[in-house]
Each structure stands twice: as structure tokens, then as C-alpha cells.
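Each chain is listed here by its residues.
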Amino acid sequence: MKLYSLSVLHKGATKSNLLKSAYDLSSFSFFQRSSVQEFMTFTSALIVERSAHGSRASVKEQEYLCHVYVRNDSLSAVVTADSEYPQRVAFTLLDKVLEEFSRQVESIDWPSGNPDTINYKALDIHLAKYQNPREADAMTKVQAELDETKIILHNTMESLLERGEKLDDLVQKSEHLGNQSKAFYKTARKQNSCCEVM
């Protein structure tokens with residue numbers, strides 16, 4: 001999972017205006033970087049120009065995904081990522097960047113601004129922070145921890161049953177479980193049996 005560029009633009013009546021951008025092109029060869037950066041800048045501007053106000057979209061270009069958010073006030077952001085990067089995290093990043101940008105940069109400067117005149121330094125920080133979506137996004141981090149816990153729990157149950165005993169047999173033999181608990185276990189087992197993968 002990788003983010004390559006993060007750009008903030010203003011959507012004008014006929015064309016978009018690049019306000020600020022950040023790039024991580026370390027995965028490209030040194031001689032390709034300037035061309036790749038120009039292509040990403042061009043693609044970001046084109047996507048913003050062709051997106052409606054108040055819209056979010058993800059556009060696939062070769063093996064890359066460009067996630068765009070154009071607000072109703074014409075402030076826009078585009079993040080270019082590989083196809084594995086989680087879409088929800090990308091849009092969370094765009095929301096955060098646009099909110100922060102609109103608080104720090106006056107809206108009167110958006111139509112005529114350019115990367116040299118706009119004073120907003122956080123794009124590089126956000127691009128670096130969101131390279132690992134698990135660390136940057138709380139929900140993704142929790143989901144990863146849940147997945148790990150599920151694997152550990154599954155392995156623990158398998159190791160408990162290593163001796164060939166089945167959990168069903170153990171439940172039947174148990175003197176500690178009441179009849180209602182046993183009935184509940186059987187019903188739950190039947191309900192979950194439709195979801196087993198063979």
C-alpha cells in the first residue's frame with residue numbers, strides 16, 4: 001500500500017488551479033520522477049475539472065487509483081495511491097486536509113493562488129503519516145488488531161482440540177453446562193454452519 005501524491009486544488013469555472021502538492025516518488029527511478037510528477041499533477045487537475053461540486057470519486061489510471069473530493073466551495077483534493085490502498089482511509093485523509101487547509105488559507109486566495117504563494121506546509125506531513133493506513137487511521141488499526149486476535153483465537157481453539165476431541169463431544173460430556181446452555185450451543189452451531197468455508 002502506497003501513496004504517491006497529495007494535491008489541493010481550486011476548481012474554477014473552466015479549469016482547476018493547483019494550490020499545493022506533495023509527492024513520494026521514491027519507488028520510481030531517479031530519471032522517471034519528474035515525468036511521473038508532471039503526469040500526476042496533470043491527472044489530478046483533469047479529474048478535478050471533470051468532477052462535480054460536492055462529489056467524491058475514485059478514478060483508475062493504469063495500476064493507480066486517484067481519489068478525488070470536490071467540495072461545494074470549489075476547494076478540492078486528490079490523492080494518488082496504488083490499488084491496494086483502502087478507499088475509506090484515502091477519503092478520510094482528503095477530508096482532513098481540506099478542512100485544515102480551509103482553516104489556514106483564506107478562501108480569497110484560492111482562485112489565484114499557486115504552490116509558491118500558498119502558505120500551507122502540512123501536506124508532506126500528511127502524506128508521510130498516511131503511508132501506513134493502519135497507523136494513521138484508528139478504524140483500520142482496530143480492524144487489523146481484530147483480525148490478529150481472530151487468528152490467535154482460532155489457533156488457540158485448534159490447539160485445545162489437538163487430541164482429536166471435538167468441541168461438540170466436550171459440550172455433551174460437560175456436567176457444568178445446563179440443558180439450556182447445551183441447547184443454546186447446538187442452535188448457535190446450526191446457525192453458524194451455513195457460513196463455514198469448505
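Relevant structure appears above.
A brief look at the structure comes next. Keep in mind it's a predicted model, so treat the numbers as computed, not measured. (Residues numbered from 1 in each chain as written. Predicted model: local features only at pLDDT ≥ 70, side-chain atom pairs only at ≥ 80, totals over all residues. Heavy atoms only, no water.)

The residue Ser74 is not glycine, and still its phi comes out positive at about 80°. Take Ser74: its relative accessible area is 13%, and that puts it in the buried class. (Buried < 20%, exposed > 50% of the residue type's maximum accessible area, 1.4 Å probe, protein only.)

Attention shifts here to the nonpolar core. Of all hydrophobic cores here, the largest spans 27 residues; its most connected members are Leu3, Leu6, Val8, Phe101 and Tyr120. At the level of secondary structure, the elements contributing two or more residues to this core comprise strand 1 (3-11), strand 2 (16-23), strand 5 (75-82), helix 2 (87-104) and helix 3 (123-129). Take this core: its biggest share by element is eight residues, from helix 2. Beyond its immediate chain neighbours, meaning those up to four positions away, Phe101 contacts Val8, Leu19, Lys20, Leu75, Trp110, Ile118 and Tyr120. (Core = buried A, V, L, I, M, F, W, Y, C linked by side-chain atoms within 4.5 Å. Helix = DSSP H or I, 4+ residues; strand = E, 2+ residues; numbered from the N terminus. Contact = heavy atoms within 4.5 Å.)

Taken in spatial order, the five strands make up an open sheet running 2-1-5-4-3, and their pairing is antiparallel. Every interior strand has two partners, whereas the edge strands, strand 2 and strand 3 (55-61), have only one. Sheet twist, expressed as the average angle between the axes of neighbouring strands with direction ignored, equals 20°. Pairing geometry for strand 1 and strand 5, over seven bridges, is antiparallel. Across the sheet, the residue bridging to Leu9 is Ser76, located in strand 5. (Pairing = 2+ DSSP bridges. Axes fitted to C-alpha atoms, helices over the stretch in contact; angles between N-to-C directions.)

Looking now at the side chain of His67. With respect to the helices, strands and loops of the structure, His67 is situated in strand 4 (residues 64-70). His67 gets classed as buried once you look at its relative accessible area, which sits at 1%. A polar side-chain atom of His67 sits 2.7 Å from a polar atom in the side chain of Ser58. In contact with His67, not counting residues within four places along its chain, are Ala57, Ser58, Ala77, Val78, Val79, Gln87, Ala90, Phe91 and Leu94. (Polar contact = N/O pair within 3.5 Å; in protein donor to acceptor, adjacent residues only side chain to side chain.)

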